[in-house]
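# Secondary and tertiary structure notes
The chain contents come next:
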Amino acid sequence: GGGGDDAGSGNSGGDDKITLGFSQVGAESGWRTANTKSIQESAASAGIDLKFSDAQGKQENQISAIRNFITQKVDVIAFSPVVTSGWDAVLKEAKDAGIPVILTDRAVDSQDTSLYETFIGSDFVEEGKKAGDWLVKEYEGKTDKVNVVELQGTTGSAPAIDRQKGFAEAIKANPNITIVKSQTGDFKRADGKTVMETFLQSTPDIDVLYAHNDDMGLGAIEAIEAAGKKPGTDIKIITVDAVKDGMTALADGKINFIVECSPLLGPQLMDLAKKAAAGETLEKRVLTEETTFTQEQAKTELPNRKY
Ligand code: GZL
């Protein structure tokens, strides 16, 4: 009989719906909410049957969600790994089950890159570099000492590791700029506020805050104002994401510079999922397009922001 072409895992290709199992980190930030909305809306418009699970920030919940998707024999699995390490075993189970895996948003540190078809997301080192480059330019030609405090993202996550790395590398251009305190605020507004309170109590002269996302920056603004200081003036603030709340604070002069990190990965993810289900070989790395915003640019850009 005819050979026919094998359309990959459990999908006869062509017209029938594919099922995508997606494990999301949680709902820790405005970025995450926008990312979830993008995934859910684009699955619907792509005619993909989405099984969505929220891990509440816990890796063990993501691992069990992936195991459930394998049992349910979904056509494709996608997830945003909350931290970089500890995934090889469950990814091997998916591979042995013949289910292609797509990484979105955050990366894993697995040496065996055959464990996933592709990784679609931002270059976080580049984001950190953009933040540091802006600060270096801000103090060009000056001899002031610049004391920076840093609110890191979730400990062990790719964005926290790489945004710290890119920023630290970039500020080496001016040895007067030093990071005097660095602590995680877990990408959450409330944690950003409480950690900034401790920074303000322990560090007399803070010149700059570098926060790995808008939400922690917004929490820090509350602490700075409660301490009777002017955010954006007494303490310059650089954040990453460019969600609406962050862009509003930027336009209001409370934040000085924002590095954009796009959460709108949904449409590209659905396109990649269909290709993976059809057994196509995917580009190993799909990079998201993103830019930066100054206070002036925020004023004109704000009305265009979708999230
Ligand atoms: C970045 C993403 C980060 C955002 C945070 O792609 O993983 O997680 O920068 C979010 O706002 O919580």
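Residues numbered from 1 in each chain as written. Predicted model: local features only at pLDDT ≥ 70, side-chain atom pairs only at ≥ 80, totals over all residues. Heavy atoms only, no water.

## Things to note about the UniProt feature "domain: Periplasmic binding protein" (unreviewed entry) in the protein
The UniProt record marks residues 21-280 with the feature "domain: Periplasmic binding protein" (unreviewed entry), using the residue numbering of this structure. For residues 21-280, the end-to-end C-alpha separation is 18 Å, with 43% helix and 20% strand making up the annotated structure. (UniProt positions renumbered as here; feature names shortened; annotations may be inferred. Helix = DSSP H or I, 4+ residues; strand = E, 2+ residues; numbered from the N terminus.)

## A closer look at the pairing of strand β1 (residues 19-24)
Burial analysis of β1 places six of its six residues in the buried class, which makes it a mostly covered element. Neither face of β1 is open: one carries Thr 19, Gly 21 and Ser 23, the other Leu 20, Phe 22 and Gln 24, and all of them are buried. Handedness of the crossover joining β1 and strand β2 (residues 49-54) through helix α1 (residues 30-45) is recorded here as right-handed. Sheet topology places β1 next to strand β3 (residues 76-79); four bridges connect them, and they run parallel. (Buried < 20%, exposed > 50% of the residue type's maximum accessible area, 1.4 Å probe, protein only. Right-handed = clockwise from strand over helix to strand, strands pointing away. Pairing = 2+ DSSP bridges.)

## A short note on the pattern of salt bridges
In total, this model carries 18 salt bridges according to the counting rule given. For Glu 28, the salt bridge is made with Arg 32, and the minimal N-O distance between the two is 2.8 Å. Here the two residues Glu 28 and Arg 32 agree in accessibility, since each one is buried. The closest approach of N and O atoms between Glu 222 and Lys 193, which form a salt bridge, is 3.5 Å. On the criterion of sequence distance, the pair formed by Glu 222 in helix α7 (residues 214-226) and Lys 193 in helix α6 (residues 189-202) is long-range, its members being 29 residues apart. Classification of Lys 193 as partly exposed rests on a relative accessible area of 28%. Here the salt bridges do not stand alone but share partners, grouping Glu 28, Arg 32, Asp 105 and Arg 106 into one network. (Salt bridge = Lys/Arg side-chain N within 4 Å of Asp/Glu carboxyl O.)

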